[in-house]
Amino acid sequence: MLTTAIVWLRRDLRITDQPALHHAARHHEQVVPVFVHAPDEEAGWQPGAASRWWLHHSLTALADSLARLGSPLRVRQGASLATLRALVEETGAEAVYWNRLYEPAVTARDAGIKEALQADGLTVESFNGALLFEPWQLKTGAGDPYRVYSPMFRAAEARFDEIRRPLPAPEELLAPAKALQSEPIASLGLLPTIAWDSGFHRHWQPGEAGALRRLETFAEKPIARYQDLRDQPALDGAVSGLSAHLHFGELSPQQALIRARQAQSELTGAGAHGSIQHFVKELCWREFSHHLLYHYPHTTDAPMYDKFAAFAWRQPADYASDLKAWQQGRTGIPIVDAGMRQLWASGSLHNRVRMIVASFLTKNLLIPWQEGAQWFWDTLVDASLPQNTLGWQWSAGCGADAAPYFRIFNPVLQGEKFDADGRYVRTWVPELAAAPSQFIHRIWEAPGAVRRATGIGLDSPYTKPIIDLMASRDRALAAYTKIRSTTA
């Protein structure tokens, strides 16, 4: 009798460097890949609308790859444990394999499923397919989890040579002869019913092929200038664009790191200048976010440090209109609005601009960081719970390795520094396309004749932003200083 294994796929939607799939193909004659759609098991963090769009197209690409290998992807809906047990019964499988995830609710669910399936007499193994180092592998000298990024990066870098080489894709997979039920991917309802996603297709190619193509394009040229150009939002080609591919597991961090180190060797060998170090640090920042959420699961909703629970955020009734203006890109601050419109249109946001819009929301508008985290969760194609949590707590100054409370980005100065000619703003805020570069980031200060020539009417938010930047900065500093002075 042929031995059969089930490979439970989640956010590891690839066939290359896929530890669970590789193990199953090596140790069993028949392999059944399955994706179980069970969003209710995410404990309040079901994928947002933009992530669901990506998931639909990533699953479609993976289904094509697996069909070519010989064992089609089975798609089912329902409780994960019950679904896996039903598939075991249908196939006579002796083993179930998967790659680990690290969000609090998911790790608890997976532990329960592993125990239950083992009690059923099955072989059950999980693998690391998502991180360079698992959250428990790196510790401080005292044996504690890291809370500061720099020492964790140094610890990780010292162990890079321990990282496994990427695994090859299986040459073929044998499926059971028995026909197995599978639901159409379209039946999962992942795509929007209103076509607000029309712009996404111009920016992204979900799936493993798109991930590998983007990695190779980045490694060939832009990676050498990443350190110098990564903060300029108008230069799309200067960043990797790999975040969503990594989040959905269409690409492993091992593949990204090894290709980056290869690119460094190519640069050195050709006598070219440039360093991959900043890109590698971004990969390790992703590691840091998973490390933190694993060890401090409360941070999805609450600040890491208890003293910030008493912070004097504005109340919802007071900030509702400002929050809506921020979400819609109608604050009257050009680079903030450009970023929020880019987010809505493309499902992504340049990292420098992410920091600008987050600082503006939490510090100038004094709106709780959880509101921003929830909006990003729904609108980012690369919405990762660990990275979203770390990013927002960093911006709000209440989390690990957070920006100092007194660091409040001035969006006008940030725009003038990183978008000096206004190209990014003109792209996403077309009503400012005719604004002179010297005024584009502070158009409300331009002479009336200049504003009229630009087409700025009296009803435009660019006549008067929703908040005074200096006054709101002073208000935020007062609130943060009070927390520091009244709480140990």
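What you are looking at is a predicted structure, and each value in this text was computed from that prediction instead of being measured.

Cut-offs applied
- Residues numbered from 1 in each chain as written.
- Predicted model: local features only at pLDDT ≥ 70, side-chain atom pairs only at ≥ 80, totals over all residues.
- Heavy atoms only, no water.
- Helix = DSSP H or I, 4+ residues; strand = E, 2+ residues; numbered from the N terminus.
- Rg over C-alpha atoms; globule rule 2.2 N^0.38 Å.
- Buried < 20%, exposed > 50% of the residue type's maximum accessible area, 1.4 Å probe, protein only.
- Contact = heavy atoms within 4.5 Å.
- Areas by Shrake-Rupley, 256 points an atom, 1.4 Å probe, with all protein chains shown as cover.
- Lys, Arg positive; Asp, Glu negative; His and termini not counted.
- Charge placed at Lys NZ, Arg CZ, Asp CG, Glu CD.
- Salt bridge = Lys/Arg side-chain N within 4 Å of Asp/Glu carboxyl O.
- Axes fitted to C-alpha atoms, helices over the stretch in contact; angles between N-to-C directions.
- Nonpolar A, V, L, I, M, F, W, Y, C, P; charged D, E, K, R; others polar.
- Pairing = 2+ DSSP bridges.
- Right-handed = clockwise from strand over helix to strand, strands pointing away.
- Parallel < 35°, antiparallel > 145°, perpendicular 65-115°, else oblique.
- Left-handed = near helix turned anticlockwise from the far one by under 90°.
- Core = buried A, V, L, I, M, F, W, Y, C linked by side-chain atoms within 4.5 Å.

Undergrad: Whenever I open this one, the overall build of the protein chain confuses me. Can you help?
TA: Helix and strand counts for the protein chain stand at 20 helices and five strands. Relative to the 2.2 N^0.38 estimate, which gives 23 Å for 488 residues, the radius of gyration of the protein chain is 24 Å and therefore close to what a compact globule would have. Projected onto its principal axes, the C-alpha coordinates of the protein chain cover approximately 85 × 50 × 50 Å. Counting every position in the protein chain, which comprises 488 residues, the buried fraction comes to 55%. Considering only contacts in the protein chain between residues 6 or more positions apart, those separated by 24 or more positions represent 80%. Carbon and sulfur atoms make up 53% of the accessible area of the protein chain, which amounts to about 20,800 Å² in all. Distance between charge centroids for the protein chain: 6 Å, based on 49 positive and 51 negative side chains.

Undergrad: Which parts of the structure should I look at to understand the pattern of salt bridges?
TA: Two side chains of opposite charge can pair, provided their charged atoms sit close to one another. Within the structure shown, the criterion is met by 21 salt bridges. Measuring nitrogen to oxygen at the nearest pair gives 3.3 Å for the salt bridge that ties arginine 230 to glutamate 282. One end of the pair, arginine 230, is in the loop between helix 8 (226-229) and helix 9 (243-247); the other, glutamate 282, is in helix 11 (residues 277-295), and 52 residues separate them in sequence. One network of salt bridges, with partners in common, ties together Arg10, Glu41, Arg109 and Asp110.

Undergrad: Is there a simple way to think about the packing of helix 13 (residues 334-346) against helix 15 (residues 369-379) in this case?
TA: The packing of two helices is summarised by the inter-axis angle and the distance between the axes. At a closest axis distance of 9 Å, the pairing of helix 13 and helix 15 adopts a crossing angle of 35°. Residues Met340, Leu343 and Trp344 of helix 13 pack against Trp375, Phe376 and Thr379 of helix 15. Here the residues of the contact of helix 13 with helix 15 are counted per class, giving five nonpolar, one polar and no charged.

Undergrad: How should I be thinking about the pairing of strand 4 (residues 95-99) in this particular structure?
TA: Most of strand 4 is tucked away, with five of its five residues classed as buried. Two elements, strand 4 and strand 5 (residues 123-127), share five bridges in a ladder whose sense is parallel. Paired with asparagine 99 across the two strands is phenylalanine 127, which belongs to strand 5. In this fold, strand 4 hands off to helix 4 (residues 104-119), which returns the chain to strand 5; that crossover is right-handed.

Undergrad: Mind showing me how you'd approach the packing of helix 14 (residues 351-364) against helix 16 (residues 385-396) here?
TA: Two elements in contact, helix 14 and helix 16, have axes whose closest approach is 9 Å; the angle formed by their N-to-C orientations is 55°. Our classification of the angle between helix 14 and helix 16 gives oblique. Between helix 14 and helix 16 lies a crossing whose hand is right-handed. Contacts from Met355, Ala358, Ser359, Leu361, Thr362 and Lys363 in helix 14 reach Trp392, Trp394, Ser395 and Ala396 in helix 16. Looking at the contact of helix 14 with helix 16 residue by residue, the classes come out as six nonpolar, three polar and one charged.

Undergrad: How do you make sense of the nonpolar core when you look at a structure like this?
TA: A general trend in soluble globular proteins is that nonpolar side chains are found buried together. Trp326, Val336, Phe376, Leu432 and Ile443 are the most contacted members of the largest nonpolar core, which has 60 residues in total. At the level of secondary structure, the elements contributing two or more residues to this core comprise helix 12 (316-328), helix 13, helix 14, helix 15, helix 16, helix 18 (423-428) and helix 20 (469-486). Ignoring anything within four residues of it in the chain, the contact list for tryptophan 326 reads Thr331, Val336, Met340, Val357, Phe360, Leu361, Leu365, Gly372, Trp375, Phe376 and Trp392. Residues Ala156, Ala256, Ala260 and Met304 belong to the second largest nonpolar core, which totals 34 residues.

Undergrad: Please explain the side chain of histidine 37 as it appears in this structure.
TA: As for its placement among the helices and strands, histidine 37 is situated in strand 2 (residues 30-37). For histidine 37, a relative accessible area of 14% translates into the label buried. Not counting residues up to four positions away in its chain, the partners in contact with histidine 37 are Arg76, Gln77, Gly78, Leu188 and Leu190.

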